[in-house]
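What follows is each chain in one-letter form.
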Amino acid sequence: RSPSFVGIMGSLRGGVVGLRRMGGISDCRAKAAAGEEVITSTSNSLVKHLVKLRDNRSYREQTKRVLLVGRIPILETLNPPNPSKSPPPPLHTLVVSKGYVDQVREFNPQRRVVADARVLEKIAGVNSGDSLMLAAEVGIPPMPDLKSRKVQRLLVLDGVQDPGNLGTLIRTALGLGWDAAYLLRGTCDPWNSKAIRAARGGCFRLPIVMGGSIDDLRELIDIHKLTVVAADPHAAETVDSAQISGPVALWLGSEGKGLTGGEYGDAGAETIVQGTNEVGRALETVKIDMESEMESLNVAVAGAILMHIFRRRLE
């Protein structure tokens, strides 16, 4: 190589070093603030872990963690209105877009990661503005012991499969002051991403029993002396005319199959509730008074109406 070539390359190297020292050029990790990581590859092990949390129910149950996607669901979950009563879940990982870093400095995750839109799109599984800002890995609340706490209004969900309906019911139950939700086996996972978004943070604040059995439900009904009310569009009595008051367990089935009792198949609502051990209490079936042109309502809408009615009767 000629002396002039060597001299030119040396000058270029010196210039680059000088620019780096002044902050004009830096590698990816140098751009991140102290305690932050930068991820640019969609094949990164953390990205694979978060995608698995998003898509795999058994993995969520195994790790006891869940993925939140989007600015609004995350802020609603991490900033509960009454943190002394319902503290936010543990924040394990926060993945934030480069342009949104300063807006989430208030949070203290165990791991803070800065990522570009391509990585966040891979994590979220969707390509929308809200989802490309923020993703978070948080802990799933422990299963509550409903036998030891006061329960006067219990929402029982039986085979509700649509995550949007499930999330809306949880959100409504929390908003109307119901004490807990009991999800029988065969009901949608409340930690499904669509259910979480529909619940607007309610999954983390309303006590929820997942995969509950009929036998445990019977015991709860007996301990808290709950009147069991099942929504049935073919019931003889409307909710307006039914003389039901006091503590209640409102039982909602899927729109397609109605009440199944999870593992009890088509045993019938009365058999499901009372069983053979004389623990169960009387079952009331009610319907919402409808115009003749419409037979029934969406389960989330019907549930909201019934929860509002029975909430007022208990007051």
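The sections below set out a description of the structure shown in this document. (Residues numbered from 1 in each chain as written. Predicted model: local features only at pLDDT ≥ 70, side-chain atom pairs only at ≥ 80, totals over all residues. Heavy atoms only, no water.)

### A look at the overall build of the chain
Okay, so step 1: Each helix and strand in the chain was counted, giving eleven helices and eleven strands.
Okay, so step 2: Evaluated residue by residue, the chain yields a buried proportion of 43% over its 315 residues.
Okay, so step 3: Counted over contacts in the chain with a minimum sequence separation of 6, partners at least 24 positions apart contribute 73%.
Okay, so step 4: In the form shown here, the chain has an accessible surface area of approximately 16200 Å², with 49% of it arising from carbon and sulfur atoms. (Helix = DSSP H or I, 4+ residues; strand = E, 2+ residues; numbered from the N terminus. Buried < 20%, exposed > 50% of the residue type's maximum accessible area, 1.4 Å probe, protein only. Contact = heavy atoms within 4.5 Å. Areas by Shrake-Rupley, 256 points an atom, 1.4 Å probe, with all protein chains shown as cover.)

### Details of the pairing of strand S3 (residues 91–97)
Side-chain positions along a regular strand alternate between the two faces of the sheet.
Okay, so step 1: Among the seven residues of S3, seven are classified as buried, and the element is accordingly described as predominantly covered.
Okay, so step 2: With five bridges joining them, S3 and strand S5 (residues 134–139) adopt antiparallel strand pairing. In the strand pairing of S5, Thr-93 is matched with Glu-137.
Okay, so step 3: Direction of pairing for S3 relative to strand S4 (residues 111–115): parallel, over a ladder of five bridges. Bridged to Leu-94 within S4 is Arg-112. (Pairing = 2+ DSSP bridges.)

### Points about the pairing of strand S8 (residues 208–212)
Okay, so step 1: Burial analysis of S8 places four of its five residues in the buried class, the great majority of the element.
Okay, so step 2: Relative to S8, strand S7 (residues 180–184) is paired through three bridges, and the arrangement is parallel. Opposite Ala-181, over in S8, you have Ile-208 as the bridge partner.
Okay, so step 3: In this region the chain leaves S7, passes through helix H8 (residues 193–199) and returns to the parallel neighbour S8; the handedness of that crossover is right-handed. (Right-handed = clockwise from strand over helix to strand, strands pointing away.)

### What about empty space enclosed by the protein?
Okay, so step 1: Throughout the structure, instances matching the rule amount to one cavity of 30 Å³ or more.
Okay, so step 2: Roughly 30 Å³ of volume is contained in the largest cavity.
Okay, so step 3: Considering the residues around the largest cavity, the lining is formed by Thr-77, Pro-80, Ser-86, Pro-87, Pro-88, Pro-89, Phe-204 and Arg-205. (1 Å grid on protein atoms, 1.4 Å probe; cavity = no way out; pocket = protein on both sides within 12 Å on 5 of 7 lines; lining within 4 Å. Points joined across faces, edges and corners; volume = space filled by probe spheres on them.)

### Digging into the nonpolar core
Okay, so step 1: Among the nonpolar cores identified, the biggest contains 53 residues, and Leu-155, Trp-178, Leu-250 and Phe-310 are the most heavily contacted of them.
Okay, so step 2: The biggest single contributor to this core is helix H11 (residues 299–314), with seven residues.
Okay, so step 3: The residues contacting Phe-310, other than those within four sequence positions of it, are Trp-178, Val-229, Val-239, Ile-244, Val-248 and Leu-250. (Core = buried A, V, L, I, M, F, W, Y, C linked by side-chain atoms within 4.5 Å.)

### Notes on a negative patch on the surface
Okay, so step 1: Together, Asp-240, Asp-289, Glu-291 and Glu-293 make up a negatively charged patch on the protein surface.
Okay, so step 2: Following the sequence through the fold, Glu-291 ends up in the loop between strand S11 (283–286) and H11.
Okay, so step 3: Looking at Glu-291, the relative accessible area reads 63%, which means it is exposed. (Patch = residues over 30% accessible without salt bridge, like charges linked within 9 Å, V, L, I, M, F, W, Y side chains within 5 Å. Salt bridge = Lys/Arg side-chain N within 4 Å of Asp/Glu carboxyl O. Lys, Arg positive; Asp, Glu negative; His and termini not counted. Charge placed at Lys NZ, Arg CZ, Asp CG, Glu CD.)

### Digging into helix H7 (residues 163–175)
Okay, so step 1: The end-to-end C-alpha distance of H7 is 18 Å, a good match for the 18 Å that 13 residues give at a rise of 1.5 Å each.
Okay, so step 2: Regarding H7, its N-cap is Asp-162, as a side-chain oxygen of that residue lies 2.9 Å from the backbone nitrogen of Gly-164 further along.
Okay, so step 3: Just past H7, the residue Gly-177 takes up positive phi, approximately 80 degrees. (Expected span 1.5 Å × (residues − 1). Polar contact = N/O pair within 3.5 Å; in protein donor to acceptor, adjacent residues only side chain to side chain.)

### Details of the layout of surface pockets
Okay, so step 1: Volume-wise, the largest pocket comes out at about 920 Å³.
Okay, so step 2: If you trace the largest pocket, you find 34 residues lining it, with Pro-141, Phe-204, Arg-205, Leu-206 and Pro-207 closest to the centre.
Okay, so step 3: Considering each element in turn, the lining of the largest pocket owes the most residues, three residues, to helix H4 (residues 57–63).
Okay, so step 4: Taken together, the residues that form the lining of the largest pocket break down as 19 nonpolar, six polar and nine charged. (Nonpolar A, V, L, I, M, F, W, Y, C, P; charged D, E, K, R; others polar.)

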